[in-house]
Amino acid sequence: MRTGIWLIGARGSVAVTAMVGATALRARLVEPDGCVTELPQLRSPALPGWADLTFGGHDIVTTPVLKKADTLAAAGVLPGRLVAALAADLTAIEQDLRPLPAGATQALTAARIAADLRDFRDRHGLDRVVVVNVSTTEPVAEPHPAHASLAALELALTGAEPVLPPSALAAYAAFTAGCAFIDFTPSAGARLPALAELARRAGLPYAGNDGKTGETLVKSVLAPMFALRNLRVRSWSGLNLLGGGDGANLADPGANAAKVSSKQRVLGDALGYQPEGTSRIDYVAEIGDFKTAWDLVTFSGFLGTGMRMEFTWHGCDSALAAPLVLDLARLTAAAHRAGRVGPLPELGFFFKDPLGDGPSALSEQWSILAAFTAGLSPVVTDCDERHPAAPDNGLAGEGQEGTTEVRR
Ligand SMILES: NC(=O)c1ccc[n+]([C@@H]2O[C@H](COP(=O)([O-])OP(=O)(O)OC[C@H]3O[C@@H](n4cnc5c(N)ncnc54)[C@H](O)[C@@H]3O)[C@@H](O)[C@H]2O)c1
């Protein structure tokens, strides 16, 4: 299944790490550590293989992918030898990266974004394209009456005033171009009734929101433990120190509020009550992409005896996020092919603030994901008949051993 991954924010840290990683996996230069879809329980012939992936995207900056990859290598996020080995492939990806279009109205902007997506799909003969938002986190979106229905939204988009934040406009454009959509950020993305209506009408799946890669990942394992042992969590406070582009943006109070609210949801869901405490994010330029999260949990047990635990997480944010972006794109492409329409709550395993009412405990989310993946048997469509699915097993570059040639 020839699959396009169109990244909104294609020149950022997560996007470039994902492109370097997929290119290296295809060339068999690395092991698929961190890629959940390579675990034996999730490997499936329904998923596109590494050799089936082609990258494109939009951004508002023009930093060359190779230059960004070099910067990430200098910061210790990517191995420098890998970036050097893949330099030609990374430079070639430039041909499929476009500046974010702008029109006189949001309807015109969306039409230009959709035209870029169709052009990408046609030029590469792709069976389907998955659009993934990995752009800068937006402040919480202002409500607007036009968000309530597709008819109202389509009318409002033709006016002079913007009615959608950029992430939701990207989702709108993706759906009009026949592409599935994933929001890896806490931004609005496809989470508006009008966009749910459009996805349903267009027969497309979507997933989100906000990749779960650090402090919240640990919370989604520990909080169910307290609940299962009937230990009462009194307070749970976290401090996240982060540099890089994401950290700089999250220094803005609006974006910070959007992120913090998606980080706290897991506690209320897993415990059944909201303990005292907040999760804070502070910008520390010096530590770049390497995040430190420090959490203090106070709890009480038998006869009210008070206790506490602390944990410290040192994670490389882009190295944790990029494989999940690839997993999500492979799974969502297969869901699209299998005829799934609307939100994909089964992908809640990957997100801090998942769509739908699924469980928040990581182990339960995992079981749901495994069952979902096992059920992704393909429905053959016209475009699949044009490009019959290779009988691959989802492993890296079958038959491509020893080559660094990459189909972008
Ligand atoms: N790294 C993680 O562990 C992690 C986890 C969950 C969510 N996220 C989210 O992923 C996103 C990307 O993180 P990052 O570290 O790559 O950030 P980054 O700052 O390195 O990259 C963001 C990119 O988006 C581009 N951009 C901004 N506005 C845009 C727009 N309207 N259209 C297209 N491109 C636009 C920027 O120019 C930049 O290149 C952030 O929103 C972050 O919160 C990251």
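Residues numbered from 1 in each chain as written. Predicted model: local features only at pLDDT ≥ 70, side-chain atom pairs only at ≥ 80, totals over all residues. Heavy atoms only, no water.

**Thoughts on the pairing of strand 10 (residues 306–316)**
Two elements, strand 9 (residues 290–300) and strand 10, share eleven bridges in a ladder whose sense is antiparallel. The partner of tryptophan 294 across the bridge, within strand 10, is threonine 312. Where strand 9 hands over to strand 10, the hairpin turn is made up of five residues, of which leucine 303 adopts a positive phi near 65°. (Pairing = 2+ DSSP bridges. Helix = DSSP H or I, 4+ residues; strand = E, 2+ residues; numbered from the N terminus.)

**Structural notes on the pattern of salt bridges**
Counted under the stated rule, the structure contains eleven salt bridges. Here aspartate 119 and arginine 123 are joined by a salt bridge, their closest N and O atoms 3.0 Å apart. You can see aspartate 119 and its partner arginine 123 sitting in helix 5 (residues 106–124), four residues apart, about one turn around the helix. Aspartate 119 gets classed as partly exposed once you look at its relative accessible area, which sits at 32%. Relative accessible area serves as the criterion here: at 42%, arginine 123 is assigned to the partly exposed category. Of the charged contacts in the structure, one is a salt bridge between arginine 308 and glutamate 310, with a shortest N-O distance of 2.8 Å. Residue classification places arginine 308 among the exposed residues on the basis of a relative accessible area of 55%. (Salt bridge = Lys/Arg side-chain N within 4 Å of Asp/Glu carboxyl O. Buried < 20%, exposed > 50% of the residue type's maximum accessible area, 1.4 Å probe, protein only.)

**Notes on the site of the ligand**
The ligand sits among 27 residues. The nearest are Val14, Asp59, Ser135, Thr137 and Thr213. Backbone polar atom of serine 135 to an oxygen atom of the ligand: 2.7 Å apart, as the coordinates give it. Within the side chain of threonine 137, an N or O atom sits 2.8 Å from an oxygen atom of the ligand. When the ligand sits alone it has 850 Å² of accessible area, and the protein chains cover 91% of it. Counting only elements with at least two residues in the shell around the ligand, the list comes to helix 1 (13–26), strand 2 (53–59), helix 10 (244–250) and helix 12 (317–337). Residues that form the shell around the ligand fall into these classes: nine nonpolar, eleven polar and seven charged. (Near = heavy atom within 4 Å. Polar contact = N/O pair within 3.5 Å; in protein donor to acceptor, adjacent residues only side chain to side chain. Areas by Shrake-Rupley, 256 points an atom, 1.4 Å probe, with all protein chains shown as cover. Nonpolar A, V, L, I, M, F, W, Y, C, P; charged D, E, K, R; others polar.)

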